[in-house]
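Descriptive analysis of the structure
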Amino acid sequence: MVTGVFFRFYAKQTSLLESEYADILTEFFTYSVEFKHMSKMSAEAEKQHILKFLNSLNSIPENWADISARDLRDYVCTEFKNLKTSSMGRYVTSLRNFFRFLEYRGNTINQSVLTLPLAPADWGKSKVPVILSADEEKRLRCHYPSNHESGVRNNIIIRLMLDLGLRCAEVSDLSIADIHWNNGTICLCKTKSMQDREMPISCELGALLEDYVLNYRPRVSDNHLLLRKVLNNQYTSMMRECVRGVIRRAYEKENIQGWWKGTHALRRTAASKIYSTGNGLKLTADLLGHESLESTKAYVRVDFQQLMEVTFPWPGGDDIDES
């Protein structure tokens, strides 16, 4: 039977249709996509989180206001106690968004729910956003060779993420037509926020893109910018997981380790560099494609070394007896 989707997603959709929660979950999904402009993938993930929560209640409450932040905290800490803190945080965010949806549709909710954190409260790791060091960034930029097809392509992937802060999905979705050669920009369409944005590219990145398209990229009908070879010397577009694989292999070869290790570290690094070069938070948010400045704050790291260079000594500090 041809469904047009992966079986695991089809099975989930089928179970939802048979569920007593199908109507409210469908409303929540529509609200997330059409009102909040979330991607369908993110909205589907949140819907699955809420389905699990509703199943724990056994039935839809007559009065949603009876559920407090303490109830949700106990639910998360009990049901997901074996998950990483970041994964627990995703469930909490989904729950907050769901109760916002209930309020939007006219239900009375317990306002304490809206005090739940949108990010995991892991204070040991969340003092500042973790970014790549200057040495790690340099090693990533120089990791792949620049004299053959896959090496040039992989260098472009790394630079798109380190220079412009692109997401993996945005990199994989790029087409040749998205490069505006005359203007020196790249246009991103249908991004996570469902808004188009145009990004300036440096001369170095522009030259690398030009070299790849003219000299290395296979001549095929596929209009995607970045291609990979499959069986029988056929080519197809780079999927999001392929882009992640490029970064992860470079991490492993360069021995870049840490609990934060992931492709998003490149986006955080780009965000901090954009902000630290004198651009305001609003411009940084626009370049990253964030609708909320609160989202951008989680990406920006303060340049503490620069702060120490401009700060004045504490008044009377020289006279303090440190003995």
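Rules behind the numbers
- Along each chain, residues carry numbers from 1 onward, in the same order as the chain's sequence is written.
- pLDDT decides what is reported in this predicted model: residues at 70 or higher carry local features, side-chain atom pairs at 80 or more are listed and counted, and totals for whole chains, interfaces and linings draw on all residues regardless.
- For side-chain calculations, the full set of non-hydrogen atoms in the structure is used, while hydrogens and water are omitted.
- Helix and strand assignments follow DSSP, with helices taken as H or I runs no shorter than four residues and strands as E runs no shorter than two, numbered in order from the N terminus.
- Here a residue-residue contact requires only that any non-hydrogen atoms of the pair lie within 4.5 Å.
- Each pair of strands is called paired provided DSSP finds at least two bridges between the two strands.
- As a rule, the C-alpha atoms of each element are fitted with a line to give its axis, helices using only the stretch in contact, and angles between N-to-C directions run from 0 to 180 degrees.
- Our angle categories are set so that under 35 degrees counts as roughly parallel, over 145 as roughly antiparallel, 65 to 115 as roughly perpendicular, and the remainder as oblique.
- For any helix crossing, the convention is left-handed if the near helix is rotated counterclockwise from the far helix by under a right angle, and right-handed if that rotation is clockwise.
- Only Asp, Glu, Lys and Arg are considered charged in this grouping, and only Ala, Val, Leu, Ile, Met, Phe, Trp, Tyr, Cys and Pro are considered nonpolar; every other residue, Gly among them, is considered polar.
- Note on aromatic pairs: the rings of Phe, Tyr and Trp (six-membered ring only in Trp) are paired at centre separations within 6.5 Å, and the planes decide the class, stacked below 30 degrees, edge-to-face beyond 60, tilted for the rest.
- Any residue under 20% of the maximum accessible area for its type is buried, any over 50% is exposed, and the rest in between are partly exposed; the area is computed with a 1.4 Å probe on protein chains only.
- The criterion for a charge sitting over a ring is simple: Lys NZ or Arg CZ within 6 Å of the ring centre, and within 35 degrees of the ring normal.

What about the side chain of His49?
Looking at the element boundaries, His49 is found in helix 3 (residues 40-57). If near-sequence neighbours (up to four positions away) are discounted, His49 is found in contact with Tyr75, Arg90, Tyr91 and Ser94.

Notes on the sheet that holds strand 2 (residues 185-188)
Pairing is antiparallel in the open sheet, where three strands are placed in the order 1-2-3. Across the chains shown, the open sheet's two edge strands, defined by having one partner strand only, are strand 1 (179-180) and strand 3 (197-200). As defined by bridge partners, strand 2 adjoins strand 3 across four bridges and the pair is classed as antiparallel. The partner of Leu188 across the bridge, within strand 3, is Arg197.

A few points about the packing of helix 2 (residues 22-35) against helix 3
Between helix 2 and helix 3, whose axes approach to 9 Å, the crossing angle comes to 150°. Judged by the angle between their axes, helix 2 and helix 3 are roughly antiparallel. By crossing handedness, the relation of helix 2 to helix 3 is classed as right-handed. Facing helix 2, whose interface residues are Ile24, Leu25, Phe28, Phe29, Ser32 and Val33, helix 3 presents Lys40, Ala43, Glu44, Glu46, Lys47, Ile50, Leu51 and Leu54. Each residue belonging to the contact of helix 2 with helix 3 can be placed in one class, and the counts come to nine nonpolar, one polar and four charged.

A closer look at the packing of aromatic side chains
Tallied over the entire structure, the rule returns 14 aromatic pairs. Between Tyr31 and Phe101, the ring centres sit 5.3 Å apart and the planes meet at 50°, which makes this aromatic pair tilted. Separated by 70 residues along the polypeptide, Tyr31 in helix 2 and Phe101 in helix 5 (residues 85-104) bring together distant segments of the chain. Considered together, Tyr31 and Phe101 belong to a single accessibility category, that of buried residues. Through a chain of ring-to-ring contacts, three or more aromatic side chains come together here, namely Phe28, Tyr31, Phe35, Phe53, Trp64, Tyr75, Phe80, Tyr91, Phe98, Phe99, Phe101 and Tyr104. Directly above the ring of Phe29 sits Lys47, whose terminal nitrogen or CZ lies 4.9 Å from the centroid.

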